[in-house]
Amino acid sequence: MPLTAALIRPMLTSDLDAVMRIQATCHLPDYHEPREAFANKLAQAPDGAWVAEQHGQVSAYLWCLPIDEDHLPVLHASDWQAPRQPRWLYLHDLAVAPEARGTGAGHRLVAQAAALAHRWALEGLALVAVGDAHAYWHRQGFQAVALSHPGLQRSLSSFGTNARFMIRIKLDA
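Numbering of residues starts from 1 in each chain and follows the order in which that chain's sequence is written. Local features in this predicted model are restricted to residues whose pLDDT is 70 or higher, and side-chain atom pairs enter the listing and the counts only when it is 80 or higher, whereas totals over whole chains, interfaces and linings include all residues. With hydrogens and water excluded, all non-hydrogen atoms of the structure serve as input to the side-chain values.

What follows is about the overall build of the protein chain. Strands here mean DSSP runs of E at least two residues long; helices mean DSSP runs of H or I at least four residues long; both are numbered from the N terminus. Across its full length, the protein chain holds five helices and seven strands. Taken from N to C terminus, the helices and strands of the protein chain fall in the order β-α-α-β-β-β-α-β-α-β-α-β. For this measure, only C-alpha atoms enter the radius of gyration; the expected value for a globule follows 2.2 Å times N^0.38, where N is the number of residues. The C-alpha radius of gyration of the protein chain comes to 15 Å, within 12% of the 16 Å expected for a compact globule of 173 residues. In terms of principal-axis extent, the alpha carbons of the protein chain reach across some 50 × 35 × 30 Å. Relative to its 173 residues, the protein chain shows a buried fraction of 47%. Note on contacts: a residue pair qualifies if any of its non-hydrogen atoms lie within 4.5 Å across the two residues. Nonlocal contacts in the protein chain, meaning residues at least 24 apart in sequence, comprise 70% of its contacts between residues at least 6 apart. Per-residue and other accessible areas were derived by the Shrake-Rupley procedure at a 1.4 Å probe size, with only the shown protein chains allowed to occlude residues. Surface accessibility of the protein chain: about 8800 Å² in total, with carbon and sulfur atoms responsible for 52%. Any residue under 20% of the maximum accessible area for its type is buried, any over 50% is exposed, and the rest in between are partly exposed; the area is computed with a 1.4 Å probe on protein chains only.

Structural data, given as C-alpha cells:
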C-alpha cells in the first residue's frame, strides 16, 4: 500500500485496541502500559489524545497530558489526575506503526500538541525520553533539563535510569 498522508483526529475509546497493538509493536515490553492506564489518561485529558488514521486504520497515536511539577504521571499509572494550573503539555506517548513511518504522521501529531499548548497558554511541551530517543527529540527542539523538584524526580525514576525530562518552549515548530 503506498504511503499517504494520514487523517489526524481525536482519539476515541473505541481506538484503544488499535493503540494497544501499535504500542506493542513500537515499544519495548517494559514500556507497555496497561489498557487501564490509557483509559485513565483518555478520561482525564480527552483533548490531548489523537490518532492518525490511514485507509480506515489507526496507524499512530499521541497521548498528551497537562502537567506541572507534581503531576508528571509515573509509568503505568492508572490514577493520574490533572493539575489545577498546568505548566506544560506533556507528550506521554507517541507511537507510529512501522507501516506508517515516513508519512509525517508523528510530526503532525506533535504539531497538534503544540497548537493545543499554545491555545491553553502553557509554557511549552515536555516529555520523558527513554533509551536513545533523546537524540531524536533534541532534533525536534527539545532540551534536557536538570530536575530539582522532588515530584518530577520521583516520576522520572519510574521510566528507568537513562530517562531524561525534556522541554520545548517554542510552540510553532
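Further notes follow.
A word on the nonpolar core. Leu91, Leu125 and Trp137 are the most contacted members of the largest nonpolar core, which has 27 residues in total. Listing elements by their share of this core, those giving two or more residues are strand 2 (49-54), strand 3 (57-67), strand 4 (88-96), helix 3 (105-119) and strand 5 (124-129). Broken down by element, this core gets its largest block of residues, seven residues, from helix 3. With residues up to four places along the chain from it excluded, the contact list for Trp137 reads Leu91, Leu94, Val110, Leu127, Ala129, Phe142 and Met166. What is meant by a nonpolar core is a set of buried Ala, Val, Leu, Ile, Met, Phe, Trp, Tyr and Cys residues, joined one to another through side-chain atoms within 4.5 Å.

Listing the buried residues of helix 1 (residues 16-26) in full gives Leu16, Ala18, Val19, Ile22 and Gln23. Angularly, the buried residues of helix 1 cover 155° about the axis, an arc narrow enough to put them on a single face. Turned more than 90 degrees away from the buried face of helix 1, the exposed residues are Arg21 and Thr25. Elements that come into contact with the buried residues of helix 1 comprise helix 2 (35-44), strand 2, strand 3 and strand 4. This arc is taken over the directions from the axis of the helix to the C-beta atoms.

What follows is about the state of the cysteines. We call a pair of cysteine sulfur atoms a disulfide whenever their separation is within 2.5 Å. Enumeration according to the criterion identifies zero disulfides in this entry. Here Cys64 stays free of any disulfide, with the sulfur of Cys26 as its closest cysteine sulfur at 16 Å.

Our focus in this paragraph is the packing of helix 1 against helix 2. Interhelical geometry of helix 1 versus helix 2 gives an angle of 125° and a closest axis separation of 11 Å. Compared by their axis directions, helix 1 and helix 2 come out oblique. Both helix 1 and helix 2 take part in a crossing whose hand is right-handed. Contacts between helix 1 and helix 2 involve Leu16, Asp17, Val19, Met20 and Gln23 from the first element and Arg35, Phe38 and Ala39 from the second. Under the convention adopted here, Pro, Cys and the residues Ala, Val, Leu, Ile, Met, Phe, Trp and Tyr are nonpolar, Asp, Glu, Lys and Arg are charged, and Gly plus all remaining residues are polar. When the residues that make up the contact of helix 1 with helix 2 are grouped by side-chain class, the tally is five nonpolar, one polar and two charged. Every angle, taken between N-to-C directions, lies between 0 and 180 degrees, and every axis is a line fitted to C-alpha atoms, over only the stretch in contact when it is a helix. These descriptions rest on fixed angle ranges, namely under 35 degrees for roughly parallel, over 145 for roughly antiparallel, 65 to 115 for roughly perpendicular, and the rest for oblique. If you view the pair so one helix is near and one far, a crossing is left-handed when the near helix is turned anticlockwise from the far one by less than a right angle, and right-handed when it is turned clockwise.

Before going further, it helps to examine the packing of aromatic side chains. Two aromatic rings, drawn from Phe, Tyr or Trp (for Trp, its six-membered ring), form a pair once their centres lie within 6.5 Å of each other, and the interplanar angle then sorts them: stacked below 30 degrees, edge-to-face above 60, tilted otherwise. Taken as a whole, this structure holds five aromatic pairs when the rule is applied. Judged by centre distance (4.8 Å) and plane angle (15°), the ring pair of Phe38 and Trp63 falls under stacked. Remark: Trp63 occurs in strand 3 and Phe38 occurs in helix 2; sequence separation between them is 25 residues. On the accessibility criterion, Trp63 (1% relative accessible area) is buried. An aromatic cluster of three or more residues is present, and its members are Phe38, Tyr61 and Trp63.

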